Amino acid sequence: MTASAEVPESQRLLIDLCLSHLVMFHWRTPGTMLISRRGIGAILDELDARGIRILGLEGFELDGNVIHPRIDLIYDADRLPGFPSPQDFIATWPPDVWIDVTIELGCGWRAEPVG
């Protein structure tokens, strides 16, 4: 099995969007993909434009190869239904935070070219 075959569809989409929008990201394994806070707005806007629901966002700090979770930086769409948007929620997060994005692709979703 090739490395690309092991990457979940949701992460493939996020990687494509990061590359398309020149947003830095950190990918270690299929379970570990973090996107730079400095450019995540473009990624969230693109997901929204495509009708892809953002289920959750979680902030982390990177210290070399060590990932430190920030339990104070968590967005859960089901727990904050009155909050305007994920973009508004993370607007106050520090710029040096890296963000794990959980999305819902939905039935019948297919990868499409980005750009």
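Remember, it's a predicted structure, so these values are computed and weren't measured experimentally. (Residues numbered from 1 in each chain as written. Predicted model: local features only at pLDDT ≥ 70, side-chain atom pairs only at ≥ 80, totals over all residues. Heavy atoms only, no water.)

Participant: Go over the pattern of salt bridges, please, and point to the residues and values.
Facilitator: Under the criterion given, the structure shown has 4 salt bridges. We note a salt bridge from Glu 9 to Arg 12, for which the minimum N-O separation is 3.1 Å. Remark: Arg 12 and Glu 9 occur in helix H2 (residues 9–20); sequence separation between them is 3 residues, near one turn of the helix. On the basis of relative accessible area, Arg 12 is assigned to the partly exposed category, the value being 33%. Residues Asp 72 and Arg 70 are paired through a salt bridge, measuring 2.9 Å at the closest nitrogen-oxygen approach. One network of salt bridges, in which partners are shared, links Glu 61, Arg 70 and Asp 72. (Salt bridge = Lys/Arg side-chain N within 4 Å of Asp/Glu carboxyl O. Helix = DSSP H or I, 4+ residues; strand = E, 2+ residues; numbered from the N terminus. Buried < 20%, exposed > 50% of the residue type's maximum accessible area, 1.4 Å probe, protein only.)

Participant: Which residues make up the nonpolar core, and what values go with them?
Facilitator: Counting 26 residues, the largest nonpolar core has Ile 35, Ile 43, Leu 47, Leu 57 and Val 101 as the members making the most contacts within it. For this core, the secondary structure elements donating two or more residues are H2, strand S2 (32–36), helix H3 (40–49), strand S3 (53–63), strand S4 (66–76), helix H4 (86–90) and strand S5 (98–104). For this core, the element with the most residues is H2, which contributes 5 residues. Apart from residues no more than four positions distant in its own chain, Leu 57 is found in contact with Leu 44, Leu 73, Ile 74, Tyr 75, Pro 86, Ile 90, Trp 93, Ile 99, Asp 100 and Val 101. (Core = buried A, V, L, I, M, F, W, Y, C linked by side-chain atoms within 4.5 Å. Contact = heavy atoms within 4.5 Å.)

Participant: For unusual backbone geometry, give the residues involved together with the corresponding values.
Facilitator: For Leu 22, which is not glycine, the phi dihedral falls at a positive 55°. Here Leu 22 shows up in the loop between H2 and strand S1 (25–29).

Participant: Can you tell me about the packing of aromatic side chains, naming the residues and giving the values?
Facilitator: On inspection of all chains with the given rule, the structure shows 2 aromatic pairs. Residues Tyr 75 and Phe 89 carry aromatic rings whose centres are separated by 5.1 Å and whose planes lie at 50° to one another, so their mutual orientation is tilted. In this pair, Tyr 75 is assigned in strand S4 and Phe 89 in helix H4, connecting sequence segments 14 residues apart. Judged by relative accessible area, Tyr 75 falls into the buried class, the value being 6%. Measuring from ring centre to ring centre gives 6.0 Å for Phe 89 and Trp 93, while their planes differ by 75°; the resulting arrangement is edge-to-face. Comparing Phe 89 with Trp 93 shows no difference in burial state: the two are buried. Connected via pairs of aromatic rings, a cluster forms that spans Tyr 75, Phe 89 and Trp 93. (Phe/Tyr/Trp six-rings, centres within 6.5 Å; stacked < 30°, edge-to-face > 60°.)

These figures come from the coordinates and say nothing about function on their own.
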